[in-house]
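This is what each chain is made of:
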2 protein chains.
Amino acid sequence: MQRKTFRNMQCPIARGLERVGEWWSMLLMREAFYGARRFDDFQKNLDIAPNMLTRRLTALVEEGLLERRQYSEKPPRYEYVLTQCGRDFLPVLLAMLAWGNKHFAPEGPSVELRDKETGKVVDPVLVDAGTGERLNFKRHALVAGPAAADGMRRRLASAASFLGGAEQTGEAGGAVLAGDLP
Amino acid sequence: MQRKTFRNMQCPIARGLERVGEWWSMLLMREAFYGARRFDDFQKNLDIAPNMLTRRLTALVEEGLLERRQYSEKPPRYEYVLTQCGRDFLPVLLAMLAWGNKHFAPEGPSVELRDKETGKVVDPVLVDAGTGERLNFKRHALVAGPAAADGMRRRLASAASFLGGAEQTGEAGGAVLAGDLP
DNA sequence: CAGTATCCTGTCCGATACTG
DNA sequence: CAGTATCGGACAGGATACTG
């Protein structure tokens, strides 16, 4: 049977993973944000076998992250451009980048996000676009949405009490987001 | 040879993927944030085979995202708790959640992030913690860091001109982050 | 340049059985 | 409850050759 498909799952994270879970997918998305459009663009920076590249590219097109667009009649040539869905993936990539830089770059970062005006390194954090408030589990919570099944509701209820901040083992615990996971 | 290891790569995204690229890894992390600590906690919500669970859990411990901690002498029992590194992974998960909700929940979201005070749904976006400015490629840029090799420098230079916003195909393109990817 | 066509292999993962 | 031990299969991924 191999890998279970998560497609029928409720969890939005699992659903996202369905689309970009393969090893190359996120790297291809990264390349797309770096400006790659053509087969060759992707290939030369990634050292990926051409058949694999075809497969992953096709998959990303099917999932709706990329669009295959003809840019030459003859010979017929196609390029792969980010769709809106694909562009919306950027925050995930940047969150990953920040996390990678923070924890897996002992020799210092090789890629940094910088403010062009001040020249300073940017520390990217998540905030609520509406209020500008930094995300934290004192004020914000994961709750069941309209489409949630019963099982999901129960799980989120128990998750809420965990994330909500009740000390539970007498252990202080470190900071998360704005600083308060038990 | 199978899957190339990205460990020697410069890119922080690839380095991150090294740790959480497997299918189950991110789901296990999600569970950890939902409060799972014990073997059984993880197992019952995920429908994962016990041997796989052991493997992934062990891997996450080795990567430093979880810590295996003894909570009972006899019988010897262990629990898996988030390390600082693991907690810092939350933004990636939330970004993924937001993305999944936006694009892959046609029937409406089953999990929402809400502001407990206002009751409103949160739209999570990335900002610069220093300035509060929403990330956008007019003002912010990916640049080579101190540890960047030459190849990386070149790539980022070309990426910069892409992300920076030069119209390049006469196509307007949609919004990214604060709204301006070409 | 932009792929397609084969073939092969590793391993991720699933199923099941078993243990203290 | 918290795993370990085997076994097997499917597919991601690699290598290489070939085409218009």
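Residues numbered from 1 in each chain as written. Chains lettered and ligands numbered in written order. Predicted model: local features only at pLDDT ≥ 70, side-chain atom pairs only at ≥ 80, totals over all residues. Heavy atoms only, no water.

As annotated in an unreviewed UniProt entry, chain A carries the name Transcriptional regulator, HxlR family and comes from Cupriavidus basilensis.

Colleague: When you look at the overall build of chain A in this model, what are you seeing that I'm missing?
Modeller: Counting its secondary structure elements, chain A contains seven helices and five strands. The helix and strand sequence of chain A, counted from the amino end, reads α-α-α-α-β-β-α-α-β-β-β-α. Put simply, chain A shows about 8400 Å² of open surface, and 50% of that area lies on carbon and sulfur atoms. (Helix = DSSP H or I, 4+ residues; strand = E, 2+ residues; numbered from the N terminus. Areas by Shrake-Rupley, 256 points an atom, 1.4 Å probe, with all protein chains shown as cover.)

Colleague: Any chance you could explain the environment of A:P106 here in plain terms?
Modeller: With respect to the element layout, A:P106 can be found in the loop between α6 (90-103) and β3 (111-115). In sequence terms A:P106 and A:C85 are 21 residues apart; their C-alpha atoms lie 33 Å from each other.

Colleague: So what exactly am I meant to see when it comes to the protein's contact with DNA strand D here?
Modeller: In the vicinity of DNA strand D, 26 residues are found, and the nearest of them are A:W23, A:N51, A:R55, B:T54 and B:Y71. Each atom of DNA strand D within 4 Å of the protein was classed as base or backbone; sugar and phosphate made up 60%. Contact between DNA strand D and B:Y71: a phosphate oxygen at 2.5 Å from a side-chain N or O atom of the residue. Of all the secondary-structure elements, those providing two or more residues to the surface near DNA strand D are α2 (23-33) and α4 (50-63) of chain A together with α3 (39-46), α4 (50-63), β1 (66-72) and β2 (77-82) of chain B. Per-element accounting of the surface near DNA strand D gives the leading share, five residues, to α4(A). Within the surface near DNA strand D, the residues separate by chemical class into eleven nonpolar, five polar and ten charged. (Near = heavy atom within 4 Å. Polar contact = N/O pair within 3.5 Å; in protein donor to acceptor, adjacent residues only side chain to side chain. Nonpolar A, V, L, I, M, F, W, Y, C, P; charged D, E, K, R; others polar.)

Colleague: Looking at this structure, how should I read the UniProt feature "domain: HTH hxlR-type" (unreviewed entry) in chain A?
Modeller: Under the UniProt annotation, "domain: HTH hxlR-type" (unreviewed entry) lies at residues 11-108 of chain A. Regarding residues 11-108 of chain A, the helix share stands at 61% and the strand share at 13%, and the terminal C-alpha atoms are separated by 35 Å. (UniProt positions renumbered as here; feature names shortened; annotations may be inferred.)

Colleague: Would you mind going over the packing of α6(A) against helix α1 (residues 12-20) of chain B with me for this structure?
Modeller: Relative placement of two packed helices is described by the angle separating their axes and the distance separating the axes. At a minimum axis distance of 7 Å, the contact between α6(A) and α1(B) shows a crossing angle of 85°. Accordingly, the angle class assigned to the pair α6(A) and α1(B) is roughly perpendicular. Where α6(A) approaches α1(B), its residues A:L93, A:M96, A:L97, A:W99, A:G100 and A:N101 are matched on the opposing element by B:P12, B:I13, B:G16, B:L17, B:R19 and B:V20. Across the contact of α6(A) with α1(B), the residue classes tally to eight nonpolar, three polar and one charged. (Axes fitted to C-alpha atoms, helices over the stretch in contact; angles between N-to-C directions. Parallel < 35°, antiparallel > 145°, perpendicular 65-115°, else oblique. Contact = heavy atoms within 4.5 Å.)

Colleague: For this particular structure, what's the right way to read the pairing of β3(A)?
Modeller: Both faces of the sheet carry side chains from a regular strand, because those side chains alternate between them. Within β3(A), four of the five residues are buried, leaving the element largely enclosed by the surrounding structure. The pairing of β3(A) with strand β5 (residues 140-144) of chain B spans five bridges and is classified as antiparallel. Across the sheet, A:R114 pairs through a bridge with B:A141, a residue of β5(B). (Buried < 20%, exposed > 50% of the residue type's maximum accessible area, 1.4 Å probe, protein only. Pairing = 2+ DSSP bridges.)

Colleague: Would you take a moment to explain the protein's contact with DNA strand C for this structure?
Modeller: Lining the immediate environment of DNA strand C, one finds 28 residues, of which A:T54, A:Y71, B:W23, B:N51 and B:R55 sit closest. Between DNA strand C and A:N51 there is a distance of 2.9 Å, counted from a base oxygen to a side-chain nitrogen or oxygen. The contact in question runs from a phosphate oxygen of DNA strand C to an N or O atom on the side chain of A:T54, over 3.4 Å. Elements with a minimum of two residues in the surface near DNA strand C: α3 (39-46), α4, β1 (66-72) and β2 (77-82) of chain A together with α2 (23-33) and α4 of chain B. The element contributing the most residues to the surface near DNA strand C is α4(B), with five residues. The residue inventory of the surface near DNA strand C, partitioned by class, reads twelve nonpolar, five polar and eleven charged.

Colleague: Explanation requested: the interface of chain B and chain A in the structure shown.
Modeller: By convention, interface size is frequently given as the accessible area that disappears when the constituent parts associate. Contact with chain B, which involves 104 residues of that partner, is made by 104 residues of chain A. Carbon and sulfur atoms supply 66% of the area buried between chain B and chain A, which totals about 9700 Å² over both sides. Looking only at chain B, the three residues that lose the most surface to chain A are B:W23, B:Y34 and B:W99, adding up to 9% of its buried area. Remark: the boundary between chain B and chain A carries twelve salt bridges. Here B:D88 and A:K102 are joined by a salt bridge, their closest N and O atoms 3.1 Å apart. (Buried area = accessible area lost by both parts, 1.4 Å probe. Salt bridge = Lys/Arg side-chain N within 4 Å of Asp/Glu carboxyl O.)

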